[in-house]
Amino acid sequence: MYRETEVIQTIPGTDEMVLNIGPQHPATHGVLHLVITLNGEIIKKVEPHLGYIHRSIEKMCESLSYRQFIYSTSRMDYLSSHINNHACALCVEQGLEVEIPRRAQYIRVIMDELTRIASHCLWWGAMAMDVGALTPFFLAFREREMINDIMEETCGARLTMNYMVPGGVMFDLHPNFVGRVKHFIAHFKSKIDEYDELVTGNIIFQNRLKNIGVLRPEDAISYGCSGPTARASGVSCDLRKHMPYEIYPELQFEEVLDNGGDSFARYLVRLTELRQSMHILEQLIDDIPEGDFQAKTKAVLKLPKGEYYQPIETARGEFGVYIVSDGSTTPYRIKFRSPGFSNLSVLDHISRGQKIGDLVAIMGSLDLVIPDIDR
Amino acid sequence: MEVKPNKFPGTVHPTPGGGILISKMDEVINWARSNSLWPLVFGTSCCAIEMMSAASAKYDWSRFGFEVARATPRQSDVIIIAGTIVNKMAPVLKRLYDQMADPKYVIAMGACATSGGPFFYNTYSVVKGADHVIPVDVYVAGCPPRPEALIHALMTLQQKIKQGMTREQIQSDMKTAGNAGLEQMMKQG
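Just so it is clear, the model here is predicted, and its values are computed rather than measured. (Residues numbered from 1 in each chain as written. Chains lettered and ligands numbered in written order. Predicted model: local features only at pLDDT ≥ 70, side-chain atom pairs only at ≥ 80, totals over all residues.)

**Thoughts on the interface of chain A and chain B**
Let me state the cut-off plainly: We call two residues in contact when their backbone-placed C-beta atoms lie within 7 Å. In this text, helices come from DSSP runs of H or I with a minimum length of four residues, and strands from runs of E with a minimum of two, each type numbered from the N-terminal end. Gly falls in the polar group here, along with every residue not listed as nonpolar (Ala, Val, Leu, Ile, Met, Phe, Trp, Tyr, Cys, Pro) or charged (Asp, Glu, Lys, Arg).
With 26 residues of chain A at the contact, the number on the chain B side is 29 residues. Sorting the residues of the side of chain A that touches chain B by element identifies α1 (57-61), α2 (69-74) and α5 (135-155) of chain A as the ones contributing at least two each. Of all the elements, α5 of chain A adds the most residues to the side of chain A that touches chain B, at four residues. Of the residues in the side of chain A that touches chain B, the class split is twelve nonpolar, eight polar and six charged.

**Considering the nonpolar core**
Just so we agree on the cut-off: Residues enter a nonpolar core if they are buried, belong to Ala, Val, Leu, Ile, Met, Phe, Trp, Tyr or Cys, and are joined to the set through C-beta atoms within 7 Å. Three classes are used. A residue is buried when 20 or more other C-beta atoms lie within 10 Å of its own, exposed when 12 or fewer do, and partly exposed in between, with C-beta atoms placed from the backbone. Boundaries between domains were set according to an automatic or database domain assignment.
Counting residues in each nonpolar core, the largest one holds 155 residues, and the members touching the most others are Met51, Ile81, Ile107, Ala108, Met109 and Leu154 of chain B. Ranked by residue count, the leading element in this core is helix α4 (residues 102-130) of chain A, at 16 residues. Looking at which domains feed residues into this core, each of domain 1 (8-49) and domain 2 (57-374) of chain A gives three or more. Each residue touching isoleucine 107 of chain B, except ones within four places of it in the same chain, is listed here: Val78, Ile80, Ile81, Asp137, Val138, Val140, Ala153, Leu154 and Leu157 of chain B.

**Looking at unusual backbone geometry**
Most peptide bonds take the trans form, and the phi angle of most residues other than glycine is negative. At the junction of cysteine 143 of chain B and proline 144 of chain B, the peptide bond is cis and its omega measures out at -10° in the coordinates. Its place among the elements puts proline 144 of chain B in the loop between β6 (138-140) and α5 (147-162). The phi torsion at aspartate 367 of chain A lies on the positive side, around 55°, for a residue other than glycine. Along the chain, the position of aspartate 367 of chain A falls in the loop between α14 (356-366) and α15 (370-374). Unusually for a residue other than glycine, aspartate 60 of chain B sits at a positive phi of about 55°. As for its position among the elements, aspartate 60 of chain B is in the loop between α2 (47-55) and β4 (78-82).

**A look at the environment of leucine 284 of chain A**
Counting through the fold element by element, leucine 284 of chain A comes out in helix α11 (residues 263-285). Residues leucine 284 of chain A and tyrosine 106 of chain A, 178 residues apart in the sequence, show an inter-C-alpha distance of 7.0 Å.

**A word on the packing of α5 of chain A against helix α6 (residues 177-200) of chain A**
Residues and elements named next belong to chain A. Heads up, the rule is: With axes taken as lines fitted to C-alpha atoms, and helix axes fitted only over the stretch in contact, angles between N-to-C directions fall between 0 and 180 degrees. Here roughly perpendicular refers to angles of 65 to 115 degrees, roughly parallel to angles under 35, roughly antiparallel to angles over 145, and oblique to all remaining angles. Crossing handedness is read from the near helix: turned anticlockwise from the far helix by less than a right angle, it gives a left-handed crossing, and turned clockwise, a right-handed one.
Orientation of α5 relative to α6, taken along the N-to-C sense of each, is 165°, at an axis distance of 11 Å. Relative to α6, α5 is oriented roughly antiparallel. In the crossing of α5 with α6, the sense of the turn from one axis to the other is left-handed. Only Phe177, Arg180, Val181, Phe184, His187, Phe188, Lys191, Leu198 and Val199 of α6 make contact with α5, whose side of the interface consists of Pro136, Glu143, Met146, Ile147, Ile150, Glu153 and Thr154. Considering only residue class, the contact of α5 with α6 consists of ten nonpolar, two polar and four charged.

**What to know about the confidence of the model for chain B**
All names here are of chain B. For clarity, the cut-off: Per-residue confidence from the predictor is reported as pLDDT, which spans 0 to 100.
Of the residues in chain B, 84% reach a pLDDT of 70 or more, and the chain-wide mean stands at 82. Here helix α7 (residues 178-188) stands out as the element of chain B with the lowest mean pLDDT, 58, in contrast to strand β5 (residues 105-109), whose mean of 90 is the highest. Reported confidences for the modelled complex are a pTM of 0.86 and an ipTM of 0.84.

Now the structure itself:
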C-alpha cells in the first residue's frame with residue numbers, strides 16, 4: 001500500500017494519506033518508525049515499525065555465562081538499568097537457591113527506587129518537551145545529575161551500572177552514600193512541588209493531555225499493558241505489591257492508581273510515584289543493616305536444568321526474565337518480557353480518532369524506551 | 001582540559017575613525033565554522049541520554065557553541081552517532097549523512113558506534129562500527145562516554161577545524177599521530 005522510501009503518500013480513491021514519522025525524528029524518543037494513515041488531521045491508523053535498534057541481545061545472552069549476561073540488560077532499558085540487572089540477578093538466584101544477605105536486599109531496593117526517580121525525572125522533562133516546554137527538561141536533569149553522582153560514587157558508572165550480581169551487589173556502599181541520599185531526599189522534596197507548580201497546574205499543558213489517548217481498563221489488560229500506563233487506567237498491577245520480591249512486603253507504600261485513563265492520568269500517576277519512591281527511600285536509608293553485601297557463590301554458576309521466570313516492576317512496568325537452562329554454564333534460551341513492547345502495542349488503539357498533533361503527547365505519556373522494545 | 005580563550009585569527013590596526021582588520025579569509029571562515037557547530041539530534045540508544053546530559057545545565061555544551069541541536073540533517077554541521085547502529089538503521093544513517101550540507105563532520109560516540117562495543121561478539125544484527133557506513137572524524141571511548149568526554153570530542157573537532165584541515169587530513173592525523181599529535185595541536189592552537 002505504501003513504500004517506505006516516500007515520506008508522504010496519498011491513497012488513491014480516498015481522502016487518506018500515509019505519513020512516515022521516523023526513524024530519525026526527535027519526537028519518537030529514539031529510532032521508532034511510525035507509519036500513520038491520516039484523514040486530514042485525524043489519525044486513522046498507527047503502525048509502528050520496529051527493529052532499527054534490534055541488537056539481538058537475547059541471542060547474545062545464550063553465549064554468555066550467568067554472570068556475564070547481566071551487563072547486556074543494562075543496555076536495554078537504559079533508564080532503569082539497575083532494575084533490569086536486578087531482575088536478572090533474581091532469576092539466576094531463583095535457580096541457585098541462595099539466600100541474599102539482608103544488607104544486599106536493602107541496597108538493591110534503595111538503588112531500584114533511586115533509578116525509578118531518575119527515570120521518572122527524565123520522563124517528566126521529555127514529556128514536557130514533547131508538548132512544547134523546554135525549561136522542565138533542564139530542571140529534571142538538575143535532579144537526575146544528583147542521582148547520577150550518587151550512582152557513580154558507589155557503582156562506578158553513571159548510566160549502565162551492572163551493580164547487581166547473582167548473590168547480592170558487586171561492591172559495598174560508598175561511605176558518602178547515606179549522607180548524599182539524605183541530602184538528595186531533602187532537596188528533591190521541595191523540587192517535586194516546583195514540578196507541580198510549573199507544569200501540572202499549567203492550563204495549556206492540561207488541555208493538551210486531558211481526554212487525549214484514553215485507555216480503558218479492559219483494553220489495558222488485553223494489550224498486556226503494565227506499569228504506570230496500566231495503573232493510570234485503574235488496573236492494579238504493581239508487582240511490588242502483587243508479587244513482592246526482596247524487602248518490599250515490609251515497606252509502607254501505596255500503589256498509585258488513577259481512573260482517568262487519559263494522558264493526563266498517566267502523567268499524574270508517574271508524578272505521584274516519584275513521591276512514593278521518596279517515601280520508600282526515607283524508610284530504608286536510616287537503617288541499612290550491617291553485614292555482607294554479597295552471598296558466597298561459586299565462581300562458575302550453573303543453573304539446574306529447568307525453566308525460571310522472574311518478573312519485576314521497572315519504571316515502565318513489568319519486566320520479566322525467562323531463562324531455560326540445560327544445566328550448563330550458559331543459558332539455553334533467554335527471553336525478556338519488556339514493558340515497552342506491550343505499552344507500544346496499545347498506541348494504535350488509543351490514538352485512533354485523535355489529532356496528529358496529539359500523537360506526540362500520547363507517545364510521551366506512554367514513556368517508551370526504544371531499545372527496550374527492540375532489544 | 002584547559003579552556004583557552006578563543007582568539008580571533010587576525011589583527012586590528014587602529015586608524016583614525018576606525019580600524020583595519022588584517023586576516024586570512026580561510027582562517028576567519030574556519031574560526032566561524034568551529035564555533036558554531038550545530039549537532040544533529042541523532043540518538044539511537046543509551047549514549048543519547050549522556051548526550052542529553054551534556055546539553056543540560058550541569059555540563060552545558062552551549063558554552064562552546066554546540067547548543068543549537070537540529071532535528072533535520074539539512075541544518076546541521078556535525079552528526080553525533082550516539083548509540084548502536086544496526087543493519088536496519090545503517091541505510092538511514094547513510095541517507096542522513098548524504099542529506100547534510102558540506103562541510104560536515106561525524107563523531108562516533110561510545111563503544112557501539114566506534115566498533116560495535118559490547119555487541120561485537122555473538123550478534124547477527126549490529127554494524128561493527130559506524131565507520132563501515134559513513135566516514136568518522138572523532139571517536140569517543142566509553143559505554144556510554146561521560147558528558148565531559150563528548151564535550152572533549154567536540155572541542156577536539158573544533159581544534160581540527162581551526163587548523164584548517166580537510167577531512168582526509170583529519171582522518172590520517174587521527175590514524176597516525178593519535179593522542180600525541182593531538183596534544184601538540186592543542187598547544188599550537
